[in-house]
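Remarks on the overall topology
Single-letter residue listing:
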Amino acid sequence: MAESVQPPGPDKRIRPFSVKRQTGFTTVAIICFVALYAPILTLVVFSFNAGESIANWGGFSWRWYEAAWANEQVKEVSVRSLVIASCASAIATGLATMAALGTTRTRPYRGLTAVFVVINQPLMVPEIVSAVALLIFFAMIKIATGYTGLGYLIAAHTAFCIPFAYLPIRARLESMDLTLETAAADLYATPWKAFRRVTLPLLWPGILAGAMLAFVISLDDVVITEFVKSAGQDTLPTYMLGQLRRNVTPEMNAISTAFLALSIGLVTIFFFLSRRRK
Amino acid sequence: MITISAAFAEPESIVSERKSAQPLAFRAFRDTLFGPSETETGGKRLAKAAVEARHVTKAFGDGPERVLALDNVSVEIRENEFFTLLGPSGCGKTTLLRLIAGFDHPTNGSILLNGEDISHLPPFKRPVNTVFQSYALFPHMSVADNIGFGLEMQGKPKAEVAKAVDDMLRLVRMEELKNRKTSQISGGQQQRVALARALAPHPKVLLLDEPLSALDLKLRKEMQIELKRLQNETGITFVFVTHDQEEALTMSDRIAVMSAGHILQVGSPREIYDRPSERFVANFIGDTNLMEVEVVSVSNGRARLRFASGAETEADMPEGMSEAKSVTVVVRPEHAQLAGTGDNGVLSGQLENVVYFGTDTHYHVRLDEGVLFTVRAQNVRGGAEERQPGARTDIVFSELAVQVLRD
């Protein structure tokens, strides 16, 4: 009997299937990573170029970051971008939270699918179509009211940010245990108190994720902004597009790299916030 | 036969017996927690209804998909009682519990709490708390915050909430875990927190929705005793939902057996077990031997019955069945015995199978009329010799063991 006993531990000859051991896996993976990150890496590297070229390396320097920092126009469009993104993502997240509650915390009703479609419309309508539609629609309002402020851009950004804020919030709500809210009601919490004390605290990671996503999407938008903006209402992306049409210097690389750092920073903050909540 | 007749002694007023047997220390502890309970100061008010369902119907869906979860159910749950709703899944027991809690509202009929119609009150206005099957503890709050939640929502001052939380923690023996997150404690501990949270606002009625089903066997046994202790100490009416007949029998003062949206029988565990009124109740609770027997005569509610073997016995006839020509009777396996030499057998047949269980042995006997009959015998040292399968045998039982079912 004793000699037939297997040594403890997994049998080395039988390994579970793993895609990692398929022929060519490493090659394909490397190609994918290069395609994804080589352009970004080049952009970041050349933002530190001491020379004027975005293709020939002339040594390390911070000069283009200094140039961008000193550029009043860059500052102005950056602030405008941040203002629009903050307002639009805040409004969109508020609306998206209500929409998510309205579509998950009710008995299923007729036309619920239609409601999903309406809320997620910006994901399906080509952006250029929305852009043209908004341009024409806002032109009519402009003529009627004479108002030419940032409100148009904020409204437009809010509209296309809603689905991006809505999706993570709804996902969070759907994964939440409904009996928690029932339990709160059972323990004398009025609907509002149950929402404030139980639903909302548990929903925070979803709301935060939605807000972050909306913020980044708004910050990044070119097409709709380009169509809707009035004169002198350039945002960072449309300003960069304008500059690229003229002469290209590593200043653009520097601005882009700063932009990238901001995005990564936001995602990192969110990641740690949501981890701490768990 | 002596053992059987003893088992049949009528369990008059089990409730009052248990209450008076309650140790003084328990009562003192409860009184410091909640103040003296009304039933004890009121003396005769013991049998007062805490919860009453009157002709309650609950339908889900409409049109052809309409399902009746409860069909004209009426039941009275007394104050201070450990009342169990027992039945298979889908019988409507959880629906009835949800109607009492206020999570759903009856389609027809009404729910009364201490004589007051609460059918249309939302859950947060009912002095009734629930222990959920999944516990439903708030994951973002500490153990103490969970327990204090109900009192806080009632607007009680902070100091009072803190004191009640400490009392509750002591009651469920969880003082050391006060500041833990609910995700950092074991399933059994979560169960205790869920109980403490529901008991803290001192509800009129505590509803328990299969709260023990997620626990392993050993922990479940412990919690059964714990629940019984809590009910004694707090004097709160417990309405307990389960599909586990053993759990129901060991814990309840009274049981309502439910099936397909109806309450079939309400009674003490002993009444339900010994005197099942219907085939479903007899089958659902415990092991049973069911037999068709001929009715020879009926007088004054007593019937003379004749088994297929020709033996006759007497039994109580359910109301409204005096015209029946034949009825179904139930005999519990432990109320019957294999005949020894010299006994006059009631039934006879061939021993098919002997199953040894340690504490007792089951004998499966194929009766001459073809029905399989099980006899359960306690194993005692120096008891009768082991019977071998294939042997002829007679079966004896007293007429007290025979219960006629309403069909």
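Values in this document were obtained by computation on a predicted structure and should not be read as measured data. Residue positions are counted from 1 within each chain, in the order its sequence is given. Throughout, the order in which chains and ligands are written sets their labels, letters from A for the former and numbers from 1 for the latter. A pLDDT threshold of at least 70 governs which residues receive local features in this predicted model, and a stricter bar of 80 or more applies before side-chain atom pairs are shown or counted, although totals over entire chains, interfaces and linings include all residues. Note: side-chain values were computed over all heavy atoms of the structure, leaving out hydrogens and water.

Helix and strand counts for chain B stand at 12 helices and 20 strands. Exposed residues in this analysis have more than 50% of their type's maximum accessible area, buried residues have under 20%, and partly exposed residues fall in between, with area computed by a 1.4 Å probe over protein chains only. Relative to its full complement of 407 residues, chain B shows a buried share of 51%. It only takes one pair of heavy atoms within 4.5 Å for two residues to be counted as in contact. Expressed as a percentage of contacts within chain B between residues at least 6 apart in sequence, the contacts between residues at least 24 apart total 67%. Accessible surface, chain B as shown: approximately 18700 Å² in total, 49% of it carbon and sulfur. Helix and strand labels come from DSSP, where a helix needs a run of H or I of at least four residues and a strand needs a run of E of at least two; each type is numbered from the N terminus. Values of accessible area rely on a 1.4 Å probe in the Shrake-Rupley scheme; residue burial ignores everything except the protein chains shown.

Turning to the interface of chain B and chain A, a few remarks are in order. Accessible area lost upon the coming together of the parts is a frequently used measure of interface size. Every contact between the two is made by 25 residues of chain B and, on the other side, 18 residues of chain A. With both sides pooled, the region where chain B packs onto chain A buries about 1900 Å², and carbon together with sulfur makes up 66% of that total. Its largest share of buried area at the contact with chain A, chain B owes to Phe-124, His-140 and Met-153 of chain B, together 33% of the area lost on that side. Between Lys or Arg on one side and Asp or Glu on the other, a salt bridge is scored when a side-chain nitrogen of the former is within 4 Å of a carboxyl oxygen of the latter. Where chain B packs against chain A, one counts one salt bridge. Taking the shortest distance from any N to any O, the salt bridge between Glu-152 of chain B and Arg-197 of chain A comes out at 2.4 Å. For the purposes of these results, a polar contact is taken to be a pair of N or O atoms within 3.5 Å, where, inside protein, one atom must be able to donate a hydrogen and its partner to accept one; residues adjacent in sequence count only when each atom of the pair is a side-chain atom. Seen at the junction of chain B and chain A, the total is six residue pairs in polar contact (both at pLDDT 80 or more). Looking at the side of chain B that touches chain A, the elements with two or more residues in it are strand E6 (128-131) and helix H6 (143-153) of chain B. Of the residues forming the side of chain B that touches chain A, the biggest block, four residues, is contributed by H6 of chain B. A 1.4 Å probe defines the accessible area here, and the buried area is the portion of it lost by two parts on being joined, summed over both.

Residue and element names in this part refer to chain B. Here His-202, not a glycine, exhibits a phi torsion of approximately 50°, which is positive. Summarising the element assignment, His-202 is placed in the loop between helix H8 (187-199) and strand E7 (205-209). One non-glycine residue with positive phi stands out, namely Asn-300, at about 55°. Inspection of the secondary structure assignment puts Asn-300 in the loop between strand E11 (289-299) and strand E12 (302-306). Of the residues examined, Asn-300 reaches a relative accessible area of 81% and is grouped as exposed.

Right, let's talk about H6 of chain B for a bit. Because an α-helix completes one turn every 3.6 residues, residues spaced three or four positions apart along the sequence face the same direction. Most of H6 of chain B sits out of view: nine of its 11 residues are buried. Listed in full, the buried residues belonging to H6 of chain B are Val-143, Ala-144, Asn-146, Ile-147, Gly-148, Phe-149, Gly-150, Leu-151 and Met-153 of chain B. As for H6 of chain B, its buried residues are in contact with helix H8 (178-186) and helix H9 (191-220) of chain A together with helix H7 (158-171) and H8 of chain B. Count one or two residues on from H6 of chain B and you reach Gly-155 of chain B, which has phi positive near 80°.

Residues and elements named next belong to chain B. Considering all chains together, one arrives at 34 salt bridges over all chains under this definition. Here Glu-226 and Arg-173 are joined by a salt bridge, their closest N and O atoms 3.5 Å apart. Taken together, the residues Glu-226 in helix H9 (residues 217-234) and Arg-173 in the loop between H7 and H8 connect sequence positions 53 residues apart. With relative accessibility at 6%, the residue Glu-226 sits in the buried group. A residue is classified by how much of its surface remains accessible, and Arg-173, at 48% relative accessible area, is partly exposed. For the salt bridge of Glu-334 with Arg-376, the shortest nitrogen-to-oxygen distance reads 3.6 Å. Residue Glu-334 is located in the loop between strand E14 (326-331) and strand E15 (336-338), and its partner Arg-376 is located in strand E18 (residues 372-378); the two are separated by 42 residues in the primary sequence.

Stacked, tilted and edge-to-face pairs are distinguished by plane angle, under 30 degrees for stacked and over 60 for edge-to-face with tilted covering the rest, among Phe, Tyr and Trp rings (Trp via its six-membered ring) whose centres lie within 6.5 Å. All told, the structure shown has 18 aromatic pairs over all chains when counted by the stated rule. Both rings, one in Phe-60 of chain A and one in Trp-62 of chain A, keep their centres 5.9 Å apart while their planes meet at 85°; by these two values the pair is edge-to-face. Take Phe-60 of chain A: its relative accessible area is 52%, and that puts it in the exposed class. Here Phe-307 of chain B and Phe-397 of chain B contribute two aromatic rings whose centre-to-centre distance is 5.7 Å and whose plane-to-plane angle is 75°, an arrangement assigned as edge-to-face.

This brings us to the pairing of E11 of chain B. Residues and elements named next belong to chain B. Strands qualify as paired when DSSP identifies two bridges or more between them. Bridge count for E11 against E14 is six bridges, and the pairing is antiparallel. Within E14, the residue paired with Asn-289 across the bridge is Val-331. With five bridges connecting them, E11 and E12 associate as antiparallel partners. For Glu-294, the partnering residue across the bridge sits in E12 and is Arg-306. Here E11 hands over to E12 after two residues, with Asn-300 in that stretch at a positive phi of 55°.

Right, let's get into the nonpolar core. Residues Val-228 of chain A together with Leu-85, Leu-96, Phe-138, Phe-149, Val-205 and Leu-207 of chain B are the most contacted members of the largest nonpolar core, which totals 74 residues. Among the elements that make up this core, the one with the highest residue count is helix H7 (residues 151-175) of chain A (11 residues). If we ignore the near neighbours within four places in the chain, the residues touching Val-205 of chain B are Ala-50, Val-51, Leu-113, Pro-127, Val-128, Asn-129, Ile-236, Thr-237 and Val-239 of chain B. The term nonpolar core refers to a set of buried residues drawn from Ala, Val, Leu, Ile, Met, Phe, Trp, Tyr and Cys, joined through side-chain atoms within 4.5 Å. Within the second largest apolar cluster, 36 residues are counted, among which are Ile-147, Ala-164, Met-174 and Ala-200 of chain B.

Turning our eyes to something else, we now look at the sheet that holds E12 of chain B. Spatially, the five strands line up as an open sheet ordered E13-E12-E11-E14-E20 (chain B), and their pairing is antiparallel. Edge strands, defined here as strands with exactly one partner in the open sheet, are strand E13 (312-316) and strand E20 (403-404) of chain B.

Let us now look at the side chain of Glu-251 of chain A. All names here are of chain A. Relative to the helices and strands, Glu-251 resides in helix H12 (residues 250-277). Think of it this way: Lys and Arg go in the positive column, Asp and Glu in the negative one, and His and the chain ends go nowhere. It turns out Glu-251 is buried and unbridged, and the closest side chain with the opposite charge, Arg-63, is 8.6 Å from it. Within the structure, the side chain of Glu-251 is placed 3.1 Å from the side chain of Asn-71, a separation counted as a polar contact. Filtering out sequence-adjacent residues up to four positions away, Glu-251 remains in contact with Trp-64, Ala-67, Ala-68, Asn-71 and Val-74.

Residue and element names in this part refer to chain A. Axis geometry follows a simple rule: fit a line to the C-alpha atoms, using only the stretch in contact for helices, then measure angles between N-to-C directions, giving values from 0 to 180 degrees. Packing of helix H3 (residues 72-104) against H9 leaves a shortest axis separation of 8 Å and a crossing angle of 140°. Here H9 runs oblique to H3, going by the angle between their axes. Considering only the axes of H3 and H9, their crossing is right-handed. Between H3 and H9, the residues in contact are Ser-81, Leu-82, Ile-84, Ala-85, Ser-86, Ala-88, Ser-89, Thr-93, Thr-97 and Leu-101 and Phe-195, Thr-199, Leu-203, Ile-207, Gly-210, Ala-211, Ala-214, Phe-215, Ser-218 and Leu-219, respectively. Amino acids outside the nonpolar list (Ala, Val, Leu, Ile, Met, Phe, Trp, Tyr, Cys, Pro) and the charged list (Asp, Glu, Lys, Arg) are all regarded as polar, and Gly is one of them. Looking at the contact of H3 with H9, its residues break down into 12 nonpolar, eight polar and no charged. When describing relative orientation, an angle under 35 degrees is termed roughly parallel and one over 145 degrees roughly antiparallel, while 65 to 115 degrees is termed roughly perpendicular and anything else oblique. Each crossing gets its handedness from the near helix: less than a right angle anticlockwise from the far helix is left-handed, clockwise is right-handed.

Quick look at the sheet that holds strand E19 (residues 392-397) of chain B now. Residue and element names in this part refer to chain B. Strands sit in the order E15-E19-E16-E17-E18 across an open sheet of five strands; the sheet is antiparallel. The sheet is open, and its two borders are formed by E15 and E18, each paired with just one other strand. Direction aside, neighbouring strands of the sheet carry axes that sit 45° apart on average. For strand E16 (residues 347-356) and strand E17 (residues 360-367), the ladder comprises seven bridges, and the chain directions are antiparallel. Paired with Leu-351 across the bridge in E17 is Val-365.

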